[in-house]
Amino acid sequence: MKIGIIGGGQLARMLALAGYPLGLEFVILEPAEDACSAHLGEHFCAPYDDRQALEALAQKVDVVTYEFENVPASSVEFLQQQIPVYPPPKALACARDRLNEKTLFRELGIETAEFAEVDSYESLCQAVERIGRPSLLKTRTLGYDGKGQQMIWEETDLEAVWCNLNGVPAILEALVPFDREVSIIAAKRVSGEMVFYPVAKNIHEEGILRVSVSLADDPVQTLAEAYARKVLDALDYVGVLAIEFFQLGDRLLANEMAPRVHNSGHWSIEGSVCSQFENHMRAISDQPLGSTENIGYPAMINLIGTIPERSSVLAIPGVHLHLYGKSPRPGRKVGHITVCGKTEADRTGLQGKVTNVL
Ligand SMILES: Nc1ncnc2c1ncn2[C@@H]1O[C@H](COP(=O)(O)OP(=O)(O)O)[C@@H](O)[C@H]1O
Ligand SMILES: [Mg+2]
């Protein structure tokens, strides 16, 4: 079976690495010649909306998936007329736009922060009036790793904020004084079977995920699963889905979702019986899903901006190093490290040893 992947970054790379043992083959549509997954399959080096490349992709593969939300809608529509595209295009349309995803969460009875649409200076002022300060203005689309976000403090000048936005559609959100951030990764197979990973506790700095710790048997697991199940059902979902939440007491406020494998599930490569990447492959090729049970106590530490000395990381017994083959740049995710502790204390110890060599 041949799988087409749109996008050629580290997620495509880890998807392909998980798919090869299952006998799957890959075609990767990615315009960057030196993309870090380019050599993991047949590389169609063309823009994401190149009709000829899309036509050739549809001819060559059995199913198409993608590693990022911003695949052009026209490309997905075109492909879908010829072959299955998973996750389904309506999930993509919803997840690429913060207003759509928060509206869906609310419709499904999933709590979110207070939010308001902003499309003019007047609507920004009204939104700040209603939601209050501090609050956070985010572009509706194309934001990631905290990009496209502006904090609105007591003293912030709204005219300057509006000016910075450059007329791009946005959403204002109340700043949530969360106890912690957690996410859940779920997978649903073509024929309906679903699995859920243990929730992960996520630590972000400057809007970028730094550390993700898998929490087996956490008290919020049941609620996170119930919310994920609602989204999977509502979107006739197929594949892996991630939802990020803010936890306040025993409440979960959904922040955003990703219709794809997610950074907060990278620990599952070594830390789960079956990784999120393998389960995505199984789900879209309609195979039985693998166990999401943890192996020990996993945690993941992102490598951001710089690549540590390989030998000092590998000298720590039991760590798993993943370098993505990307050149370092400030704020860029260039790899990650997974530790699987034998106990919770062992995990904390291993995390400390890793942090010391970064
Ligand atoms: N409404 C909010 N209240 C508190 N913190 C927030 C809020 N929105 C975002 N953040 C912080 O910024 C991080 C990145 O924001 P997010 O909405 O997830 O955008 P991105 O697409 O960049 O990941 C979050 O993980 C969280 O730490
Ligand atoms: Mg996020």
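Rules used throughout
Residues numbered from 1 in each chain as written. Chains lettered and ligands numbered in written order. Predicted model: local features only at pLDDT ≥ 70, side-chain atom pairs only at ≥ 80, totals over all residues. Heavy atoms only, no water. Pairing = 2+ DSSP bridges. Helix = DSSP H or I, 4+ residues; strand = E, 2+ residues; numbered from the N terminus. Axes fitted to C-alpha atoms, helices over the stretch in contact; angles between N-to-C directions. Donors = N, O, S within 2.8 Å, 3.2 Å for Na, K, Ca; no water. Buried < 20%, exposed > 50% of the residue type's maximum accessible area, 1.4 Å probe, protein only. Salt bridge = Lys/Arg side-chain N within 4 Å of Asp/Glu carboxyl O. Domains from an automatic or database assignment. Contact = heavy atoms within 4.5 Å. Buried area = accessible area lost by both parts, 1.4 Å probe. Polar contact = N/O pair within 3.5 Å; in protein donor to acceptor, adjacent residues only side chain to side chain. Nonpolar A, V, L, I, M, F, W, Y, C, P; charged D, E, K, R; others polar.

Caption draft 1: Representation of the sheet that holds strand β7 (residues 149–152) in the model. Judged by pairing direction, the sheet is antiparallel, and its 4 strands sit side by side in the order β5-β8-β6-β7 without closing on themselves. The sheet terminates laterally at β5 (115–118) and β7, the two strands that pair on one side only. Taking the axes of each pair of neighbouring strands and ignoring which way they run, one obtains an average angle of 25 degrees across the sheet. Where strand β6 (residues 135–139) meets strand β8 (residues 170–174), 5 bridges bridge the pair, whose relative direction is antiparallel. Paired with Lys138 across the bridge in β8 is Ile171.

Caption draft 2: Region of interest: the coordination of the magnesium ion (ligand 2). For the magnesium ion (ligand 2), the protein coordination sphere consists of Glu244 (OE), Glu244 (OE) and Glu256 (OE), at 2.0 to 2.8 Å. Here Glu244, found in strand β13 (residues 239–248), pairs with Glu256, found in strand β14 (residues 251–258); they are 12 residues apart in sequence, far enough to count as distant. The exposure class of Glu256 is partly exposed, given its relative accessible area of 21%.

Caption draft 3: Molecular detail of the pattern of salt bridges. The final tally for this structure, using the stated rule, is 17 salt bridges. The partner of Lys138 in a salt bridge is Glu173, with the nearest N and O atoms 3.0 Å apart. One end of the pair, Lys138, is in strand β6; the other, Glu173, is in strand β8, and 35 residues separate them in sequence. On the basis of relative accessibility, which here comes to 3%, the residue Lys138 falls in the buried class.

Caption draft 4: Region of interest: unusual backbone geometry. Looking along the chain, the bond that leaves Tyr86 and enters Pro87 is cis, with omega of -10 degrees. By the element assignment, Pro87 lies in the loop between α3 (73–80) and α4 (89–95). Cis geometry marks the peptide bond from Arg133 to Pro134, where omega comes out at 0 degrees. Relative to the helices and strands, Pro134 is located in the loop between α6 (121–131) and β6. Even without being glycine, Asp145 reaches a positive phi, approximately 45 degrees. Among the structural elements, Asp145 can be located in the loop between β6 and β7. Phi at Glu206 is positive, roughly 50 degrees, even though this residue is not glycine. If you trace the backbone, Glu206 turns up in the loop between β11 (200–205) and β12 (208–214).

Caption draft 5: Representation of the domain arrangement of the protein chain in the model. Under the domain assignment used here, the protein chain contains domain 1 (2–85), domain 2 (114–174) and domain 3 (180–357). Taken over C-alpha atoms, the centre of domain 2 sits 29 Å from the centre of domain 3. In this assembly, 4 residues from domain 2 lie in contact with 5 residues from domain 3. With both sides pooled, the region where domain 2 packs onto domain 3 buries about 330 Å², and carbon together with sulfur makes up 29% of that total. Applying the counting rule to domain 2 against domain 3 returns 1 salt bridge. Across the pair Asp145 and Lys333 runs a salt bridge, and its minimum N-O distance is 3.1 Å. Where domain 2 touches domain 3, the interface holds 3 residue pairs in polar contact (both at pLDDT 80 or more). Of the residues contributing to the side of domain 2 that touches domain 3, the split by class is no nonpolar, 1 polar and 3 charged.

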